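Each chain is listed here by its residues.
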Amino acid sequence: MARPYALLRAGFPYVKTLGMRRVTNDPVDVALDDGMYYVLNRSGIIARLQWDDDGSWDVGDLKPIAGSGAEDGKFLWPATILIDRARTLWVSDENTHRITNITREGEFISKWGERGDGEGRFDGPAGMAFDSDENVYVSDSRNHRIQKYTKDGRFILQWGEFGSAEGQMNMPWGLAVDEMGSVYVADWRNDRVQKFTAEGQFLSAIGRPGSDDGEFNRPTGVAVDGHGDVYVADAGNDRVQLFSQEGRYVEKFIGDASLSKMARDYMLTNAGPLRQREMTSLEPQKRFRRPRSVRVDDQFRMFVTDMGSMRVQVYQKDAEPLTPDLILPPPRSPSLVTN
């Protein structure tokens, strides 16, 4: 799909919440699979949720997979989960310094990586992303670099070093690759997102430290949709920010959650939590708390792992693509009149 010349942005409303405490504990990422959602918890457990019934599951058919441990197919400090075209799952683990491939039922397939700073070695691998050929980019966080591999773990290339200049990094975290092969890196301690070519050449950067619009406090996740819009999980500021493909700040999301179906059912059968919720202010309960990752599917639905509230919030983009004949060229001195 070709990117539009411009967009008529009509809105980006909240849709629903998936998960709850005890099911999606400390969620760090989510993989999207045509109505099934694999939520990676920091404990190593992967919760499998369905879209149609708002996150409730049949324990007999959809019990959680994986778990905590250093054995093959388990995880100690997982950071990112992906699903490939073969519909198998890929998980990075900061503690065991490896990438693991498992089936959707949790059966171990393969692994690669070990601790170190040479080719094929990691120190805290965090973010991952596939390119169009399903090569794997990995944020080698504590080595302050990006590495690229084939799916079977064969090293292809790397770039980056410690620092704050263009192309340098300080504990890179989230990763995204757009349809043209550009790589976006959430440069965690530098409080910015950097954009590179597929070979690691610096192209541009978004953000600086702070809490104003377009600024970041420890960005942890990044995503790019089919329009070229860039989404950033600004964890330290408890929000997600949206930028145009040119890097212009568009808007922010602070959270607007309601209870998921499973959380509602739980509350209705537990008198104590029900009384506590009835007595408290609900405004803070809607908001993001340390959102860890952001994902956007091909229907332009945005999924945010709301780690501090142990759930996933979902929003729906509403925008109309524009061709050059429908909108005036950009003015030399832009301003917006609203009266």
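For every chain, the first residue of the written sequence is number 1, and numbering continues from 1 onward in sequence order. Local features in a predicted model are, by the rule used here, given only for residues with pLDDT of at least 70; side-chain atom pairs are given and counted only at 80 or more, and totals for whole chains, interfaces and linings are based on all residues. To get the side-chain values, all heavy atoms of the structure are used, and hydrogens and water are removed first.

Further remarks concern unusual backbone geometry. Phi at Arg 22 is positive, roughly 85 degrees, even though this residue is not glycine. Tracing the backbone shows Arg 22 in the loop between β2 (14-18) and β3 (27-33). Only protein chains enter the accessibility calculation, which uses a 1.4 Å probe; a residue whose area is less than 20% of its type maximum is buried, one above 50% is exposed, and one in between is partly exposed. Classification of Arg 22 by relative accessible area gives exposed; the value is 58%. In this model, His 144 sits at a positive phi of 55 degrees, which is unusual for a non-glycine residue. Following the sequence through the fold, His 144 ends up in the loop between β14 (136-140) and β15 (145-149). Secondary structure elements follow DSSP: runs of H or I no shorter than four residues count as helices, runs of E no shorter than two count as strands, and numbering proceeds from the N terminus.

Our next topic: the side chain of Thr 24. Here Thr 24 is to be found in the loop between β2 and β3. Owing to a relative accessible area of 0%, Thr 24 belongs among the buried residues under this scheme. By the convention used here, residues are in contact when the closest approach between their heavy atoms is within 4.5 Å. The residues touching Thr 24, leaving out its near neighbours within four places in the chain, are Leu 18, Gly 19, Val 39, Asn 41, Ala 47, Leu 49, Met 310 and Arg 311.

For the rest of this paragraph, the subject is the sheet that holds β3. Here, strands pair whenever DSSP counts at least two bridges between them. Pairing in this open sheet of four strands is antiparallel, and the strands run β3-β4-β5-β6 from one edge to the other. If you trace the sheet from one side to the other, it starts and ends with β3 and β6 (65-66), each paired once. Across five bridges, strand β4 (residues 36-41) lies against strand β5 (residues 45-50) in antiparallel orientation. Looking at the pairing, Tyr 38 lines up with Arg 48 of β5.

On to the sheet that holds strand β16 (residues 155-159). Spatial strand order, β13-β14-β15-β16: four strands in an open sheet with antiparallel pairing. The open sheet is flanked by β13 (125-130) and β16, the only strands paired with a single partner. Across the sheet, the mean angle separating the axes of adjacent strands is 20 degrees when strand polarity is ignored. In this sheet, β15 lies alongside β14 in antiparallel orientation, the contact comprising five bridges. Counterpart to Tyr 137 in the pairing with β15 is Lys 148. Lines fitted to the C-alpha atoms define the axes, with helices restricted to the stretch that makes contact. Angles between their N-to-C directions range from 0 to 180 degrees.

All right, on to a positive patch on the surface then. Patch rule: a residue counts if its relative accessible area is over 30% and it has no salt bridge; like charges are joined within 9 Å, and nonpolar side chains (Val, Leu, Ile, Met, Phe, Trp, Tyr) within 5 Å. Reported accessibility uses the Shrake-Rupley method at a 1.4 Å probe radius. Residues are deemed covered only where the shown protein chains occlude them. Within this document, salt bridges are pairs made up of a side-chain nitrogen of Lys or Arg and a carboxyl oxygen of Asp or Glu, the two lying within 4 Å of each other. Charged-residue counts in this description rest on Lys and Arg as positive and Asp and Glu as negative, His and the chain ends being excluded. Here the site of a charge means NZ on Lys, CZ on Arg, CG on Asp, or CD on Glu. A cluster of basic side chains, namely Arg 21, Arg 22, Arg 289 and Arg 290, defines a positive patch on the protein surface. According to the relative accessible area criterion, Arg 289 is partly exposed, its value standing at 41%.

This paragraph deals with the pairing of strand β19 (residues 192-196). For β19, a buried count of five out of five residues is recorded, marking the element as mostly surrounded by other parts of the structure. Along β19, one buried face is formed by Arg 192, Gln 194 and Phe 196 and the opposite face, lined by Val 193 and Lys 195, is buried too. Where strand β18 (residues 183-187) meets β19, five bridges bridge the pair, whose relative direction is antiparallel. When the sheet's bridge partners are listed, Ala 186 is paired in β19 with Val 193.

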